Protein chains: 2
Amino acid sequence: MTITLPQQSHTVADIKALIHRESRRVTSYDVAIVAGVSQSAVSRCFKPGASVSKATFARVMQAATDLDYTPNAAARSLNTRRSNLVALVVSHMVTLHYPELLAELSRQFALFGMRILLFSQPRGSDLGATLADVWQHQVDGAVVAAHLSGAQAGEFERRQVPVVLFNRHLGDGGVSAIVCDQAGAARTLASRLAAAGHQRFALIDGPARSAIAQERMRGVADRLAELGLAPPFRVSGEHDYASGARGLREIIGRLGQVPDAIICSNDAMAIGCLDTARHEFKIDVPGQLSVTGFDGSGPAGWLSYNLTTLRQPVPQMAQATVEMLMGLIGAGAAAPQRRMFSAKVIDGATARLGPAC
Amino acid sequence: MTITLPQQSHTVADIKALIHRESRRVTSYDVAIVAGVSQSAVSRCFKPGASVSKATFARVMQAATDLDYTPNAAARSLNTRRSNLVALVVSHMVTLHYPELLAELSRQFALFGMRILLFSQPRGSDLGATLADVWQHQVDGAVVAAHLSGAQAGEFERRQVPVVLFNRHLGDGGVSAIVCDQAGAARTLASRLAAAGHQRFALIDGPARSAIAQERMRGVADRLAELGLAPPFRVSGEHDYASGARGLREIIGRLGQVPDAIICSNDAMAIGCLDTARHEFKIDVPGQLSVTGFDGSGPAGWLSYNLTTLRQPVPQMAQATVEMLMGLIGAGAAAPQRRMFSAKVIDGATARLGPAC
DNA sequence: TTGTAAGCGTTATCAT
DNA sequence: ATGATAACGCTTACAA
């Protein structure tokens, strides 16, 4: 136990009054005065692993508590060149499709003392403008789950801001990325549907700008070609429920018949397609038609659907993202790497699947 | 700050090389040298509405572009006492239930040049610890969609950080809040169910710690009492699909029969309850049993469900939140106010409702 | 272990 | 309109 000695005329109340009068913030300097130590001693007390005596530490912490002192991150950032901030740049749809992603990233980053600065990209707005804001905030790194041009990726490198792409990648592999093997998963799905005897395939694709959708649908098309099956009939829409419904109507309208299987670019579309097939067209799914999705989102597992889909291991991907970015931040510059996860086939009740090979 | 340069040449390339050699950041000083003006002139060029001549402005901007200069937000924040950062403190469930909320808040705040610093509160973790982090980052304000104690609210006031609660409020009304009239909506729902002849009610409640769930369920109970109906049978769980399913099993098990109506604390629960009723118990909904939810989330509208529920105007609430917080930030200290929105009854296909009064 | 002092990169004040 | 100069609140050699 240390007894706080009377500090000249600098009592806690005095200092607080002074601060209020000058309407400024509580600084480490104020704490120093109250604790009767130097300002740098206070600073050290807030730096883990600095050399401070027990007694000093206690006095400083007491003073800090008395004054409601909190270190100023802006000032710290200014001379450490570390903001402990990570930019999370997401297209507006990401939070819709992976609602758990943000919470998971936030949790994981928090373990490293990092906080997320959110840059949600409104539909159709310019990523370049968003990035300008990112640079201002001196983030230590960035996670990007939106389409990044080569030039934009180059800017990250020029500015030495480590970046990890989430479920996207650049063709030249010059940027680190965490991805899920969409094409591979799509091939597996196509194989197993074919093995179950489906012949006439249709695809409900996502928007042309979605790289993920492209990859998924290309995987399907490639595999079907390899198997000598007719190329799938293809329609596209947004990644939502309504587009799935519209997609089915378009397929049936243009094809003049119901195909054997419809592969949708994500779960929301698949569910829209499924609902419309059952309720509007009275089609027996999966007896007459197989419908599959992508993602393995929550509703896919609900009893009314029990959707046959491909689950992406979002929590693991989130963890890998954080690990990779923190590694890059620590290492300065490291060779870009890509870590790929596999999607898992969820053998639900909306498609007839052949055996896994 | 003094920059030593080779006497003659202040070209862009020279400066860039120097910066690289000293491995420091591009500063307004560098831009000043290249543009041949003072550092403060550069600063003014980046401040909207400052007095700079056309010519100076052009030279500075050219130099800034050449050097890839971006103002340092940390340094700016340090002496303007404005970080342009807003803390968004959410419990881990918020992003699950209102996936569009984040994107909307982000978009709206961006219009004011504000960015969101995300503090997603892991389940069961201490909000106090999270807040300590909030203070460090010198945010200009905060949106809180998590349970805030009176003491914690007081800390916001002491530190002069404006705060707006989202869909929560403190009893004493000392904190500004945007809320949706949960109790009122619940009363309406109870009234209309009663008007349709339902007598035996059951509730599947959210967790005890959820203020929203409390309010919703209290509204129902109060209204039923007023109508002279028997108090509802009550079970509780988490705000998820599985809890809705479990809730129904518990109700039927403990009651020994199927009630006339089950009011669930949110849509996910209602859908879980509904699916279980139909698929597991082969109950005719709404013929034999009415099931209702809360929120008006996306899946509620899907064909397989067409859930009778109460829709919260989330986008409007988001906009109001931003408006209110920006108002508070601008005003310094203003009287706390509460703005209440009404939920809208979605007359779906899972409940028999009487006429609206 | 502790104190002194020099930055970190900006904005703000005040002359000019 | 422009330029010097003093903050802003902290970390970090370096000295003691």
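Everything numeric here is computed off the predicted structure, so don't read it as measured data.

S.K.: Looking at this structure, I do not really get the sheet that holds strand S9 (residues 290–292) of chain B. What am I missing?
M.R.: Backbone-to-backbone hydrogen bonds join strands into a sheet, with any given pair of strands oriented parallel or antiparallel. All names here are of chain B. In space, the 4 strands of this open sheet follow the order S7-S6-S8-S9, with parallel pairing throughout. Bordering the open sheet on either side are strand S7 (233–236) and S9, each of which pairs with just one other strand. Across this sheet, the average inter-strand angle for adjacent strands is 15 degrees, counted without regard to direction. Of the strand pairs in this sheet, strand S6 (residues 201–205) and S7 are connected by 4 bridges, and their pairing is parallel. Across the sheet, residue Leu 203 finds its bridge partner in S7, namely Arg 234. Running at roughly 140 degrees to S6, helix H12 (residues 241–255) makes contact with S6, S7 and strand S8 (261–264) of the sheet.

S.K.: Would you mind showing me how to read the protein's contact with DNA strand C here?
M.R.: Contacts to DNA strand C come from 28 residues, most closely from Ser 40, Thr 56 and Asn 79 of chain A together with Ser 43 and Asn 79 of chain B. By atom count, sugar and phosphate contribute 60% of the portion of DNA strand C lying within 4 Å of the protein. Side-chain polar atom of Ser 43 of chain B to a phosphate oxygen of DNA strand C: 2.3 Å apart, as the coordinates give it. Residue Asn 79 of chain B places a side-chain N or O atom 2.4 Å away from a base oxygen belonging to DNA strand C. The set of elements that each furnish at least two residues to the surface near DNA strand C consists of helix H3 (39–45) and helix H5 (73–80) of chain A together with helix H2 (28–35), helix H3 (39–45) and helix H5 (73–80) of chain B. If you tally residues by element for the surface near DNA strand C, the top one is H5 of chain B, at 4 residues. For the surface near DNA strand C, the per-class residue count stands at 8 nonpolar, 15 polar and 5 charged.

S.K.: Please explain the packing of aromatic side chains as it appears in this structure.
M.R.: Each aromatic ring pair is summarised here by two numbers: the centre-to-centre distance and the angle between the ring planes. Scanning the model with the defined rule gives 9 aromatic pairs over all chains in all. Each residue in the set Tyr 241, Trp 302 and Tyr 305 of chain A together with Tyr 241, Trp 302 and Tyr 305 of chain B is aromatic and connected to the rest through ring pairs, giving one cluster.

S.K.: Looking at this structure, how should I read the sheet that holds strand S6 (residues 201–205) of chain A?
M.R.: Residue and element names in this part refer to chain A. Pairing is parallel in the open sheet, where 4 strands are placed in the order S7-S6-S8-S9. Lying at the two open borders of the sheet, with one neighbouring strand each, are strand S7 (233–236) and strand S9 (290–292). Direction aside, neighbouring strands of the sheet carry axes that sit 15 degrees apart on average.

S.K.: So what exactly am I meant to see when it comes to the interface of chain A and chain B here?
M.R.: Size of an interface, as often reported, equals the accessible area lost when the parts are brought together. Of the residues lining the interface, 49 residues belong to chain A; the matching set on chain B comes to 49 residues. Roughly 4700 Å² is buried in total at the junction of chain A and chain B, and carbon and sulfur atoms are behind 57% of that figure. Of all residues in chain A, the largest losses of buried area upon contact with chain B belong to Arg 25, Arg 115 and Trp 302 of chain A, amounting jointly to 14% of the total for that side. Where chain A meets chain B, there are 4 salt bridges.

S.K.: Is there a simple way to explain the relation of the copies chain A and chain B in this structure?
M.R.: What connects the two chain copies is a rotation about an axis and a shift along it. Rotating chain A by 180 degrees and moving it 0.1 Å along the rotation axis overlays it on chain B with an RMSD of 0.2 Å. As the rotation angle and translation indicate, the two copies are arranged about a two-fold axis. A symmetric contact is evident, with 100% of the interface residues of chain A recurring at the interface of chain B.

S.K.: Help me out: how do you make sense of the pattern of salt bridges in this one?
M.R.: Proximity of charged atoms lets side chains of opposite charge pair with each other. The final tally for this structure, using the stated rule, is 38 salt bridges over all chains. Of the charged contacts, one joins Asp 205 of chain B and Arg 234 of chain B as a salt bridge, the two residues approaching to 3.3 Å between their closest N and O atoms. Residue Asp 205 of chain B is found in strand S6, and its partner Arg 234 of chain B is found in strand S7; the two are separated by 29 residues along the sequence. Classification of Asp 205 of chain B as buried rests on a relative accessible area of 7%. A single salt-bridge network, built from bridges that share partners, covers Glu 22, Arg 24 and Asp 30 of chain A.

Calculation rules
- Residues numbered from 1 in each chain as written.
- Chains lettered and ligands numbered in written order.
- Predicted model: local features only at pLDDT ≥ 70, side-chain atom pairs only at ≥ 80, totals over all residues.
- Heavy atoms only, no water.
- Pairing = 2+ DSSP bridges.
- Helix = DSSP H or I, 4+ residues; strand = E, 2+ residues; numbered from the N terminus.
- Axes fitted to C-alpha atoms, helices over the stretch in contact; angles between N-to-C directions.
- Contact = heavy atoms within 4.5 Å.
- Near = heavy atom within 4 Å.
- Polar contact = N/O pair within 3.5 Å; in protein donor to acceptor, adjacent residues only side chain to side chain.
- Nonpolar A, V, L, I, M, F, W, Y, C, P; charged D, E, K, R; others polar.
- Phe/Tyr/Trp six-rings, centres within 6.5 Å; stacked < 30°, edge-to-face > 60°.
- Buried area = accessible area lost by both parts, 1.4 Å probe.
- Salt bridge = Lys/Arg side-chain N within 4 Å of Asp/Glu carboxyl O.
- Least-squares fit on C-alpha atoms with pLDDT ≥ 70 in both.
- Buried < 20%, exposed > 50% of the residue type's maximum accessible area, 1.4 Å probe, protein only.

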